[in-house]
Amino acid sequence: MEIFIDTADIKEIKSASQLSILDGVTTNPTILSKQKLPPREVLVEINSLVRGKVWYQVTSEKAGDMVDEAKEMISVINRPVIKLPMGVEALNACHILSKEGIETNMTLVFSVSQAILAAKAGASYVSPYVGRINDTGWSGYQLIREIVSVYEKQQFNTKVIGASLRGSYDIVEMAMLGAKAVTMPYKIFSELIRHPMTDIGRTQFDNDWQGLQDHLKNM
Ligand SMILES: O=C[C@H](O)COP(=O)(O)O
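What you see is a predicted model; the values in this text were computed from it and never measured.

Peer 1: Tell me about the side chain of Ser127, residues and numbers included.
Peer 2: Residue position: Ser127 is located in strand 6 (residues 125–128). When its relative accessible area of 4% is taken as the criterion, Ser127 is described as buried.

Here it is, written out as structure tokens:
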């Protein structure tokens, strides 16, 4: 399963990049707007810090403009993934970009029918917004289950990336449901590694080892 962090905060990206298994950084217009800097500049810096993929979401309205915007951003990213917000123009842009071998992600996906169209357009990834669906009282998990099942039955190569995740257990759910990727805020990412029992166990091992060293020194 690929693991991404959903942030443009440079401090968070530097910290998360210490973990070599991180697969990259996803962004969106809301995330980039928080930096109060030109998005291209921010992406250049993110690209210099990240070994993996850097995701950029186009903001143009028309398919042709989306393709041009994507190409402009791709020029400053080593391993780009172009995010397209679900719709007719985005599907057409996705079709063009994917035929040119550019990795794409159909974002803002809330139904299986949208996910089917994204796969038909050749999207590399599709992002169902799990948390936002759960927030409305519907099941984001059920949507992931259904999309994964349809993709398997239809032998689509598009990968499901669980997005809009709210807690570390969401990541486990995504893995169990067969999502091939997840993206999450830095806070959740940093929580994945921790468990109080691990800390207690490590302290005990360290103390016992130190006790042995002291004992051997005094022999
Ligand atoms: O770009 C997609 C994000 O994962 C959306 O997350 P959010 O619902 O927390 O804004």
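Continuing now.
Peer 1: Can you lay out the packing of aromatic side chains for me, pointing to particular residues and giving the numbers?
Peer 2: Throughout the structure, instances matching the rule amount to 5 aromatic pairs. Note on Phe4 and Trp55: the rings are 5.0 Å apart at their centroids and 65° apart in plane angle, and the pair reads as edge-to-face. Taken as a pair, Phe4 in strand 1 (residues 2–6) and Trp55 in strand 3 (residues 53–57) lie far apart in primary sequence, 51 residues in all. Take Phe4: its relative accessible area is 0%, and that puts it in the buried class. By way of ring pairs, the aromatic residues Phe4, Trp55 and Tyr125 are connected into one cluster.

Peer 1: Let's hear about the packing of helix 8 (residues 140–154) against helix 9 (residues 168–177): which residues, and what values?
Peer 2: At their nearest, the axes of helix 8 and helix 9 sit 10 Å apart, and the two run at 25° to each other. Considering their axes alone, helix 8 and helix 9 lie roughly parallel with respect to each other. The element helix 8 and its partner helix 9 pack so that their crossing is right-handed. Across the interface between the two elements, Tyr141, Ile144, Arg145 and Val148 from helix 8 touch Asp170, Glu173, Met174 and Leu177 from helix 9. By residue class, the composition of the contact of helix 8 with helix 9 is 5 nonpolar, no polar and 3 charged.

Peer 1: So what's going on with the site of the ligand? Which residues, and what values?
Peer 2: The immediate surroundings of the ligand are formed by Asp6, Asn28, Lys83, Tyr129, Arg132, Ala163, Ser164 and Arg166. One of the side-chain nitrogen or oxygen atoms of Lys83 is found 3.2 Å away from an oxygen atom of the ligand. Ser164 is positioned such that a nitrogen or oxygen atom in its side chain is 2.7 Å from an oxygen atom of the ligand. Protein coverage of the free-state accessible area of the ligand, which is 310 Å², stands at 81%.

Peer 1: Tell me what's going on with unusual backbone geometry, and back it up with residues and numbers.
Peer 2: Residue Lys36 is not a glycine yet carries a positive backbone phi of 55°. Tracing the sequence through the fold places Lys36 in the loop between helix 2 (29–33) and helix 3 (39–49). Here Lys36 falls in the exposed class, since its relative accessible area comes to 73%. In this model, Ser164 sits at a positive phi of 60°, which is unusual for a non-glycine residue. Within the element layout of this structure, Ser164 appears in the loop between strand 7 (159–162) and helix 9. Since its relative accessible area comes to 13%, Ser164 is described here as buried.

Peer 1: Outline the pairing of strand 6, listing residues and values.
Peer 2: Residues of strand 6 alternate between two faces, with Tyr125 and Ser127 on one and Val126 and Pro128 on the opposite face, all of them buried. When strand 5 (residues 104–109) meets strand 6, the two strands line up parallel, connected through 3 bridges. By the bridge assignment, Val109 is partnered in strand 6 with Pro128. After leaving strand 5, the chain enters helix 6 (residues 112–120) and then returns to the sheet as strand 6, a path that is right-handed. Pairing analysis gives 2 bridges linking strand 6 to strand 7, with the strands arranged parallel.

Peer 1: Tell me about the nonpolar core, residues and numbers included.
Peer 2: Taken as a class, soluble globular proteins show a tendency for nonpolar side chains to be buried jointly. If you look at the biggest cluster of nonpolar residues, it comprises 59 residues, and the most contacted ones within it are Ile46, Leu84, Met106, Val126 and Ile147. Other than its neighbours up to four places away in sequence, Ile147 contacts Val109, Ser111, Val112, Ala115, Val126, Pro128 and Val160. Core analysis: the next-biggest nonpolar cluster, separate from the first, contains 6 residues, Trp55, Tyr125, Ile161 and Ala181 among them.

Criteria and cut-off values
- Residues numbered from 1 in each chain as written.
- Predicted model: local features only at pLDDT ≥ 70, side-chain atom pairs only at ≥ 80, totals over all residues.
- Heavy atoms only, no water.
- Helix = DSSP H or I, 4+ residues; strand = E, 2+ residues; numbered from the N terminus.
- Buried < 20%, exposed > 50% of the residue type's maximum accessible area, 1.4 Å probe, protein only.
- Phe/Tyr/Trp six-rings, centres within 6.5 Å; stacked < 30°, edge-to-face > 60°.
- Axes fitted to C-alpha atoms, helices over the stretch in contact; angles between N-to-C directions.
- Parallel < 35°, antiparallel > 145°, perpendicular 65-115°, else oblique.
- Left-handed = near helix turned anticlockwise from the far one by under 90°.
- Contact = heavy atoms within 4.5 Å.
- Nonpolar A, V, L, I, M, F, W, Y, C, P; charged D, E, K, R; others polar.
- Near = heavy atom within 4 Å.
- Polar contact = N/O pair within 3.5 Å; in protein donor to acceptor, adjacent residues only side chain to side chain.
- Areas by Shrake-Rupley, 256 points an atom, 1.4 Å probe, with all protein chains shown as cover.
- Pairing = 2+ DSSP bridges.
- Right-handed = clockwise from strand over helix to strand, strands pointing away.
- Core = buried A, V, L, I, M, F, W, Y, C linked by side-chain atoms within 4.5 Å.

It is worth stressing that arrangement in space is one thing and function is another; only the former is reported here.
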